[in-house]
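# Inside the fold
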Amino acid sequence: MKSPFLLVAPVCLAGMFTSCGSVSGLNTAAATGFSRPGGYEKVLVKDFTTSISDFKVQSKVEVARKSLPDAIASELSKKGGFSRVSRVGKPDSTTLVIGGTIDQYDDGNAALRLMIGFAAGNSNLDATVSYTDGTTGKTLGTLKADKNSWALGGALAAAQTADSFIDPIAKKIASEAKLKFSKQAVQ
């Protein structure tokens, strides 16, 4: 019989290698209308915008404005559910448009995360994502991402930068799009 420790250890280790914070589920409470009852065939993922004016991170934010949408498009292509996923083009009535803003971007201080922990030198990536109809531009739903480094410090936290949160955020955004807006989801 295997030791209970051997069964629990992988779960604990998996939990240790994640960041803190969350990516909310799709919020449709403020939606202004859903004009495609049969679901969307295509997705257009637009570059994100930002209002971050901190000169120290401006160049990294500019990269993230494009790399987050690139990651979202890549995840959507992997997950399927849409006949076409693009980053450029003109949306039509069969297109779901995904865009958003990067609200906070901070790599923090790796040395503080390593030595102190408990949110000292925290890295953060926060974004607000919107799903809109390609023809009307009406909001179908929003999603909030609020990711930050491992709070207990150590090597894991020291290695986490704002960019390391892009993939988990993109996976959640793509999952919600497929689950709620693809033709498969609404049939």
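A few points on the structure.

What counts and how
Residues numbered from 1 in each chain as written. Predicted model: local features only at pLDDT ≥ 70, side-chain atom pairs only at ≥ 80, totals over all residues. Heavy atoms only, no water. Phe/Tyr/Trp six-rings, centres within 6.5 Å; stacked < 30°, edge-to-face > 60°. Helix = DSSP H or I, 4+ residues; strand = E, 2+ residues; numbered from the N terminus. Buried < 20%, exposed > 50% of the residue type's maximum accessible area, 1.4 Å probe, protein only. Core = buried A, V, L, I, M, F, W, Y, C linked by side-chain atoms within 4.5 Å. Contact = heavy atoms within 4.5 Å. Salt bridge = Lys/Arg side-chain N within 4 Å of Asp/Glu carboxyl O. Pairing = 2+ DSSP bridges.

## Re the packing of aromatic side chains
Taken as a whole and judged by the stated rule, the model has two aromatic pairs. When the centroid spacing of 6.5 Å and the interplanar angle of 75° are considered together, the rings of Tyr40 and Phe181 count as edge-to-face. Of this pair, Tyr40 sits in the loop between strand 1 (20-23) and strand 2 (42-45) while Phe181 sits in helix 5 (residues 166-181), placing them 141 residues apart in sequence. For the pair formed by Tyr40 and Phe181, the shared burial category is buried. Note on Tyr131 and Phe181: the rings are 5.5 Å apart at their centroids and 35° apart in plane angle, and the pair reads as tilted. Of this pair, Tyr131 sits in strand 6 (residues 124-133) while Phe181 sits in helix 5, and the two are 50 residues apart along the sequence. The pair Tyr131 / Phe181 is uniform in exposure class, with both members buried.

## Section: the nonpolar core
Of all hydrophobic cores here, the largest spans 33 residues; its most connected members are Leu76, Leu96, Ile98 and Tyr131. Filtering out sequence-adjacent residues up to four positions away, Ile98 remains in contact with Val43, Leu44, Val45, Lys46, Leu76, Val129, Ser130, Tyr131, Ile173 and Ala177.

## Examining the environment of Val43
Tracing the backbone through its elements, the reader meets Val43 in strand 2. Assessed through its relative accessible area of 1%, Val43 is described here as buried. Val43 sits 30 residues away from Ala73 along the chain, and the two C-alpha atoms are 8.3 Å apart. Once residues within four sequence positions are removed from consideration, Val43 is found in contact with Leu76, Phe82, Arg84, Val85, Ser86, Thr95, Leu96 and Ile98.

## Some points on the side chain of Thr132
One can find Thr132 in strand 6. Looking at Thr132, the relative accessible area reads 15%, which means it is buried. Those residues in contact with Thr132 that sit more than four places away from it in its chain are Thr95, Leu96, Val97, Gly137, Lys138, Thr139 and Leu140.

## Comments concerning the environment of Ala73
As for its position among the elements, Ala73 is in helix 2 (residues 58-79). The residues contacting Ala73, other than those within four sequence positions of it, are Val45, Val85 and Arg87.

## A few points about the pattern of salt bridges
For the structure on display, the rule yields 10 salt bridges. As a salt-bridge pair, Glu41 and Lys183 come within 3.5 Å of each other at their nearest N and O atoms. Of this pair, Glu41 sits in the loop between strand 1 and strand 2 while Lys183 sits in helix 6 (residues 183-186), placing them 142 residues apart in sequence. Relative accessible area serves as the criterion here: at 27%, Glu41 is assigned to the partly exposed category.

## Side note on the pairing of strand 2
Neither face of strand 2 is left uncovered, since the one carrying Lys42 and Leu44 and the one carrying Val43 and Val45 both have all their residues buried. Strand direction decides the pairing type here: strand 2 and strand 4 (residues 84-86), joined by three bridges, are parallel. Each residue of the ladder has a partner; that of Leu44, found in strand 4, is Ser86.

## Focus on the pairing of strand 5 (residues 95-106)
Bridge count for strand 2 against strand 5 is four bridges, and the pairing is parallel. Its bridge partner being in strand 5, Val45 is matched across the sheet by Ile98. Sheet analysis places strand 3 (residues 49-50) next to strand 5, joined by two bridges and oriented parallel. The partner of Thr49 across the bridge, within strand 5, is Thr101.

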